[in-house]
Amino acid sequence: MSNVRVAVRVRPMNQREKEKHSVCVISMSQNKTILQSKAVSPGEVQKAPKEFTFDHCFWSADDSDPDTYAGQEEVFKTLEEGTIENIYQGYNVCIFAYGQTGSGKTYSMMGTDDEPGLIPRFCRALLNRKSEGTVRVELSYMEIYNEKVRDLLDLKKSKKELSVREHNILGPYVEGLSQHAVSTWEDIKLLLLAGNKCRTTAATKMNEESSRSHAIFTLTITQMFPNHESGTSKELHSKFNLVDLAGSEKASKTGAQGKQLVESGNINKSLTSLGRIISSLTECKGSYVSYRESVLTWLLKNSLGGNSKTVMLATISPAEDNYGETHSTLVYAERTRQIVNQAKVNEDTKCKAVATLQEEVQKLKEQLKHAKSQQSPELQSKLKESENLLKQLNLSWEEKLKKTEENAKVMQKYLESMGISVDASGIKCAKEQCCLVNLNPDPESNDYLLYYLTEHNKIGAGSSQDFQLTGPGIEEEHCVITMTPDGDVFLVPNTKAETKVNGALVQERIRLYHEDKINLGLNYSFILNQSKKRQPNSLSENKHEVEMNEMSSDHKNKDESNPKQNPYYLLSGSQDDDTELTKTHINPKKEEISTESRSHDSFSTSSIEKVLAIPQESLLELQQNFTNLVKKLQSKQLITQQDSAGLENTEDMVLKSKTLLTLIAEKGENACTQFLDLLGKGMSIIN
Ligand SMILES: Nc1ncnc2c1ncn2[C@@H]1O[C@H](COP(=O)(O)OP(=O)(O)OP(=O)(O)O)[C@@H](O)[C@H]1O
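This one's a predicted model, so the numbers in the text were calculated from it and none came from an experiment.

Caption draft 1: Summary view of the nonpolar core. Judged by nonpolar contacts, the single largest core of 46 residues is most densely connected at Leu274 and Leu304. Of all the secondary-structure elements, those providing two or more residues to this core are strand 2 (5-10), strand 3 (26-29), strand 7 (93-99), strand 8 (134-145), helix 8 (258-282), helix 9 (295-299), strand 15 (309-316) and helix 10 (323-336). Other than its neighbours up to four places away in sequence, Leu274 contacts Tyr98, Leu245, Leu296, Thr297, Leu304 and Tyr332. Listed in part, the 37 residues of the second largest apolar core include Ile84, Val93, Tyr141 and Leu192.

Caption draft 2: Fine view of the confidence of the model for the protein chain. Put simply, the protein chain has an average pLDDT of 73, and 68% of its residues get 70 or more. Scored below 50 in pLDDT, residues 200-210 makes 42 contacts in the model with residues more than four places away or belonging to other chains. Every residue in residues 424-429 is under pLDDT 50, and counting partners more than four places away or in other chains gives 23 contacts.

Caption draft 3: Representation of the pattern of salt bridges. Tallied over the entire structure, the rule returns 17 salt bridges. Linking Glu293 and Arg276 is a salt bridge whose minimum nitrogen-to-oxygen distance equals 2.9 Å. Of the two residues, Glu293 is situated in the loop between helix 8 and helix 9 and Arg276 in helix 8; the sequence distance between them amounts to 17 residues. A relative accessible area of 29% places Glu293 in the partly exposed class. Between Asp488 and Arg511 there is a salt bridge, with its nearest N and O atoms 3.0 Å apart. Pair noted here: Asp488 is in the loop between strand 22 (479-483) and strand 23 (489-493) and Arg511 is in strand 26 (residues 510-512), with a separation of 23 residues, a long-range link. The same class applies to Asp488 as to Arg511, namely buried.

Caption draft 4: Summary view of the side chain of Thr499. With respect to the element layout, Thr499 can be found in strand 24 (residues 499-501). Note on Thr499: relative accessible area 0%, which makes it buried. In this structure the side chain of Thr499 is engaged in a polar contact, spanning 3.3 Å, whose partner is the side chain of His478.

Caption draft 5: Main features of the UniProt feature "binding site: ATP" (unreviewed entry) in the protein chain. Summarizing the sequence annotation, UniProt attributes the feature "binding site: ATP" (unreviewed entry) to Gly99, Gln100, Thr101, Gly102, Ser103, Gly104, Lys105 and Thr106 in the numbering used throughout. The residue Gly102 is located in the loop between strand 7 and helix 4 (105-109) in this model. Residue classification places Gly102 among the partly exposed residues on the basis of a relative accessible area of 28%.

Caption draft 6: Representation of the sheet that holds strand 26. Read from one edge of the open sheet, five strands run 21-20-22-23-26, paired in mixed fashion. Edge positions in the open sheet fall to strand 21 (467-468) and strand 26, since each of these has one partner strand only. The pairing of strand 22 with strand 23 spans five bridges and is antiparallel. Its bridge partner being in strand 23, Val480 is matched across the sheet by Val492.

Caption draft 7: Spatial organisation of helix 10. In this model, helix 10 (14 residues) spans 20 Å end to end at C-alpha, consistent with the 20 Å of a helix rising 1.5 Å per residue. Those residues of helix 10 lying buried are Tyr323, Glu325, Thr326, Thr329, Leu330, Tyr332, Ala333 and Thr336.

Caption draft 8: Representation of the packing of aromatic side chains in the model. The full count for this structure, using the stated rule, is six aromatic pairs. Between Phe52 and Phe54, the aromatic rings sit 6.4 Å apart at their centres with planes inclined by 15°, giving stacked as the arrangement. Residues Phe52 and Phe54 agree in their burial class; the two are buried. When the centroid spacing of 6.1 Å and the interplanar angle of 5° are considered together, the rings of Tyr524 and Phe526 count as stacked. For the pair Tyr524 and Phe526, one class covers both residues: buried. Put simply, the rings of Phe76, Phe122 and Phe240 touch in pairs and so form one group of aromatic residues. Positioned over the ring face of Tyr88 is Arg129, at 4.6 Å from the centre of the ring. Sitting above the plane of the Phe490 ring, Arg509 keeps its charged end 3.9 Å from the centroid.

Criteria and cut-off values
- Residues numbered from 1 in each chain as written.
- Predicted model: local features only at pLDDT ≥ 70, side-chain atom pairs only at ≥ 80, totals over all residues.
- Heavy atoms only, no water.
- Core = buried A, V, L, I, M, F, W, Y, C linked by side-chain atoms within 4.5 Å.
- Buried < 20%, exposed > 50% of the residue type's maximum accessible area, 1.4 Å probe, protein only.
- Helix = DSSP H or I, 4+ residues; strand = E, 2+ residues; numbered from the N terminus.
- Contact = heavy atoms within 4.5 Å.
- pLDDT = per-residue confidence, 0-100.
- Salt bridge = Lys/Arg side-chain N within 4 Å of Asp/Glu carboxyl O.
- Polar contact = N/O pair within 3.5 Å; in protein donor to acceptor, adjacent residues only side chain to side chain.
- UniProt positions renumbered as here; feature names shortened; annotations may be inferred.
- Pairing = 2+ DSSP bridges.
- Expected span 1.5 Å × (residues − 1).
- Phe/Tyr/Trp six-rings, centres within 6.5 Å; stacked < 30°, edge-to-face > 60°.
- Lys NZ or Arg CZ within 6 Å of the ring centre and 35° of its normal.

Right, here's the structure in full:
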């Protein structure tokens with residue numbers, strides 16, 4: 001019998017907290033965490049600080065003093081103590097991270113490329129551990145989102161909801177969850193990367209990269225010890241669960257609304273059940289514990305009060321404005337420490353399970369023979385369930401390896417067909433392929449996602465969409481991007497959804513060009529990569545240079561020495577020529593404006609004639625271009641907000657152009673020169 005080991009980790013102040021000059025309310029001394037009470041108004045009595053005792057307290061709030069600072073390595077080393085040993089002795093182990101959104105759960109569990117967290121460190125340590133027996137490691141990775149289980153590693157089935165079942169020897173399990181035989185860190189890394197890319201994330205006001213799902217990463221370790229004298233063999237089995245729970249914060253504080261509020265409700269349903277279970281295990285010992293109340297608690301049944309050695313890592317913010325959440329996390333964590341587990345060595349579990357399953361299958365077949373028709377569907381489904389489990393348990397290691405290999409290929413292809421390219425070394429994109437590059441780094445893997453475009457690409461939050469995005473402002477059917485056989489790309493917005501191209505709101509079908517910046521909802525930003533079409537050959541292909549120049553300077557402002565900061569570097573950083581994307585920005589052909597036309601009168605006449613000659617389909621582009629130009633002129637104070645409002649009210653392009661030219665003319669020679677300069681830079685509505 002052993003208690004759940006509980007560790008608390010306090011993260012550094014984030015930008016928001018620093019800007020607000022938040023006071024640090026956390027201090028740590030050995031295994032004690034002290035929470036100072038909030039500042040009070042004059043006349044009120046300051047409450048005494050609250051003290052909590054844990055097995056480990058990690059001070060990660062400030063790295064200026066290496067003696068007190070606990071980095072990723074220290075957290076791992078402390079929690080690893082005895083853990084790998086326990087796994088190799090045949091015990092189940094579970095480590096779960098609990099805390100409010102943005103408190104550092106994912107950072108602690110997954111970490112970054114430079115600062116790997118517990119999952120990659122444990123995987124490596126586990127593979128490096130020597131054993132006298134033959135060691136087999138299998139891996140699964142799932143997500144619980146809105147009380148639904150999804151396999152993060154079987155992409156063909158990733159949209160399918162999987163069911164939780166329970167076997168009397170094996171305990172709760174997810175039916176049909178893919179198991180991947182792994183032998184090296186590289187095998188695991190690829191699966192981790194792919195799984196993380198599939199994880200659902202939705203931004204909230206508190207933490208834009210907030211993950212709204214619970215993720216369970218499981219390593220199943222089997223050791224075989226053959227006894228050559230007796231011809232028998234012993235098997236030890238252990239399950240190692242690494243769980244990254246969703247944020248425990250209150251929905252109101254994060255600004256969750258609508259669909260997200262439902263998500264929060266369901267996330268909290270799992271967490272509420274978790275809390276209830278922790279209470280019944282600690283306060284009302286002996287009372288019935290309803291693990292099946294939520295998917296999460298059902299799957300973690302063994303980890304809480306059952307057959308597992310469990311560690312809870314509670315993550316907290318140091319800032320005063322998170323006092324309430326921090327306090328409840330600490331209370332929760334202290335209570336969890338009282339849970340007593342009954343871990344036992346799992347010896348020959350598989351053999352026992354196989355034997356009982358075989359018996360069960362026999363019995364069920366017998367029963368089916370004599371069953372009344374109304375009972376048979378239930379019996380049949382039970383039989384199928386047992387047969388499936390038996391089949392999975394009976395697979396040989398070679399078969400498993402082969403399956404894993406096949407699945408890896410399918411997974412890679414499937415991801416590509418979905419528009420996501422996965423490669424352990426970073427992002428790759430076929431030179432000729434047209435794709436959207438997501439400029440928001442993937443929170444789980446720190447790199448960028450590619451969405452390869454096909455003829456017809458539905459984008460939105462709905463399950464029928466080709467590219468599913470979640471987050472504020474994303475509609476069920478947000479927009480459609482189409483591509484003609486010639487590679488011309490068009491965007492058709494849903495007029496109710498917020499879609500911007502190069503900063504301008506789009507309300508009707510619009511053609512897209514190489515390196516156009518597309519904003520969907522509040523948080524998604526994409527760049528169109530259309531390298532095949534990057535050479536401008538039509539009047540409109542030089543239209544975006546001003547934006548491109550702006551973007552280039554935006555990019556320049558980023559830390560170019562760090563390839564992860566800049567998708568262009570990441571894209572071009574590939575060693576492989578075939579899959580390289582260059583970072584060169586388009587350099588559109590500039591049409592020289594003749595010196596004689598540099599008088600606004602002659603310019604305006606010829607310009608309007610050109611506008612009149614423009615075919616209808618180009619007018620839409622023109623309108624878009626016009627909007628961009630107006631914005632630019634506004635920013636240069638060549639026209640006022642009032643002027644541009646007047647322009648917006650005019651539908652007719654010719655009239656619009658005339659008004660604009662008149663407005664510019666009124667500003668005098670300097671304004672005309674600047675205007676022409678802008679036109680010359682590619683913002684022309686008429687050349
Ligand atoms: N110990 C730490 N040291 C440095 N940075 C940290 C630490 N913990 C968290 N952070 C940073 O704080 C931010 C939020 O952390 P993280 O994403 O891990 O939170 P979370 O608890 O997993 O949130 P969510 O519930 O939304 O998944 C990230 O930018 C992360 O890099």
